[in-house]
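One letter stands for each residue in the lines below.
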Amino acid sequence: MAERVLGIDIDNTLARATDMMPTLAGIYNELLNLGMTPDEIEAARHYQRTFEIPQIRAFIQRGEDQRTLYYDARKEISANPHIYLDLESLPLAQEGVRQFIEQFGGPVFFAGYWTVRSQANAPATGQWLNNHRYPHPERLTACESPKDKLLRLARLTIHHNQYFTTPPGLLLIDDSADALGEAAIQLTLHDQFETRARRSGLLPGDYPIKELFRKSLVVGFGKDEKTTVYPAARLRIVSLPDWNPDTLAHVIPFIQTELGKPNDNRLDT
Ligand SMILES: [Mg+2]
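The rules we used
Residues numbered from 1 in each chain as written. Predicted model: local features only at pLDDT ≥ 70, side-chain atom pairs only at ≥ 80, totals over all residues. Helix = DSSP H or I, 4+ residues; strand = E, 2+ residues; numbered from the N terminus. Buried ≥ 20, exposed ≤ 12 C-beta atoms within 10 Å, placed from the backbone. Contact = placed C-beta atoms within 7 Å. Core = buried A, V, L, I, M, F, W, Y, C linked by C-beta atoms within 7 Å. Expected span 1.5 Å × (residues − 1). Axes fitted to C-alpha atoms, helices over the stretch in contact; angles between N-to-C directions. Parallel < 35°, antiparallel > 145°, perpendicular 65-115°, else oblique. Left-handed = near helix turned anticlockwise from the far one by under 90°. Arc of directions from axis to C-beta. Pairing = 2+ DSSP bridges.

**Q** An account of the overall build of the chain is requested, with residue identities and associated values reported.
**A** When you go through the chain residue by residue, the secondary structure sums to 12 helices and 7 strands. Here the chain, with 269 residues, has 35% of them falling under the buried criterion. Nonlocal contacts in the chain, meaning residues at least 24 apart in sequence, comprise 70% of its contacts between residues at least 6 apart.

**Q** Which residues make up the environment of Gln55, and what values do they have?
**A** Structurally, Gln55 is set in helix H3 (residues 54-60). Gln55 gets classed as partly exposed once you count the C-beta atoms within 10 Å, which come to 18.

**Q** Describe unusual backbone geometry, listing the residues and the values that go with them.
**A** Positive phi, normally seen in glycine, also occurs at Asn33, with a value near 55°. The residue Asn33 is located in the loop between helix H1 (20-32) and helix H2 (38-43) in this model. If you check the backbone angles, Leu92 has positive phi at about 70° while not being a glycine. By secondary structure assignment, the location of Leu92 is in the loop between helix H5 (82-85) and helix H6 (93-103).

**Q** Describe in detail the nonpolar core, supporting the description with residues and values.
**A** In this structure, Leu150, Ala184, Val218 and Val219 are the most contacted members of the largest nonpolar core, which totals 51 residues. With near-sequence residues (within four places) excluded, Val219 lies in contact with Leu171, Leu172, Ile173, Val238, Leu240 and Ile255. Met21, Tyr28, Met36 and Ile56 belong to the second-largest nonpolar core, a separate cluster that totals 11 residues.

**Q** Provide a residue-level description of the environment of Arg234, including the pertinent values.
**A** Mapped onto the fold, Arg234 is located in the loop between strand E6 (227-230) and strand E7 (235-240). Taking the C-beta count within 10 Å as the criterion, Arg234 has 22 such neighbours and is therefore assigned buried.

**Q** Please set out H1 residue by residue, giving values where relevant.
**A** The terminal C-alpha atoms of H1 lie 18 Å apart, and with 13 residues this matches the ideal 18 Å at 1.5 Å per residue to within 8%. As for H1, its buried residues are in contact with H2, H3, helix H4 (64-78) and H5. In the stretch just after H1, Asn33 is the one whose phi turns positive, near 55°.

**Q** Can you explain the packing of H1 against H4? Please cite residues and give values.
**A** Two numbers describe how H1 lies on H4: the axes approach to 10 Å, and their chain directions differ by 130°. Regarding the angle of H1 to H4, the classification is oblique. Once H1 is placed against H4, the crossing between them reads as right-handed. Together, Leu24, Ile27, Tyr28, Leu31 and Leu32 of H1 and Leu69, Tyr70, Ala73, Glu76 and Ile77 of H4 make up the contact between the two elements.

**Q** Lay out H6 in plain terms, naming residues and giving numbers.
**A** Within the span of H6, buried status applies to Ala93, Gly96, Val97 and Phe100. The arc that holds the buried residues of H6, viewed along the axis, is 100°, so those residues lie on one side. Looking at the buried side of H6, the elements it contacts are strand E1 (4-8), strand E4 (169-174) and helix H12 (245-259).

**Q** Residues and numbers for the pairing of E1, please.
**A** Across the 5 residues of E1, 4 count as buried, placing the element largely inside the fold. Both E1 and strand E2 (residues 108-115) contribute to a ladder of 5 bridges, which runs parallel. The residue bridging Ile8 from the neighbouring strand is Tyr113, located in E2. Relative to E4, E1 runs parallel, the two being bridged by 5 bridges. Within the sheet, the bridge partner assigned to Gly7 lies in E4 and is Leu172.

Coordinates in, geometry out; function isn't part of it.
This is how it looks when you write it as structure tokens:
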């Protein structure tokens, strides 16, 4: 079996983050006096970012003063760890994480949790992992974007290369699999990203990031399709619909088989 570095996303992979938007909308409603109805607060669930919520967007567009008030509220909210501490853990996720760590055994280095959240929220996030009894809650990395997540994981993996007998690849469990596929394409197609990352020390040595992706798998959490390929980036995505034991009993052996095959053998099929 090939050696791998395992990383796991948090929002919508381990934590039910979709519940976060109505909570946030409710807080903005109070702080900014938006006069939202309970139904409107609940409907915030359909938006990814708070400034896309119609009532908040309308407020910001009223003028410079309102804009400032919104940003002040945002600062206050992001310093409030309760939003993250209150999130629900997805059913059976803890056991699923343990199975991934154990079943991939010795050759896998568990690189912990990789989240697109601000550094300011890292302590609350670590606390949440600990409260919900996830293994190694101290292994937590806050990233700026899916692209930043891939770059940081690549850096860690390439760094670990020296401890492995063969160059490892990545195994990343993440619900934003398509965003990661797109990010991988940007990272590999446009050389300037890779060059800049090397210049800033984010990518060590001259190990090509494409070579790393060729041996990597993104496990698309919550996805139903069996496997998707991003040929340009040589990155492959396999799906893990949920954390149920029956699902894991199928998916883990499938991933173990797939890990042994470099992605470029399967890109044309
Ligand atoms: Mg996520």
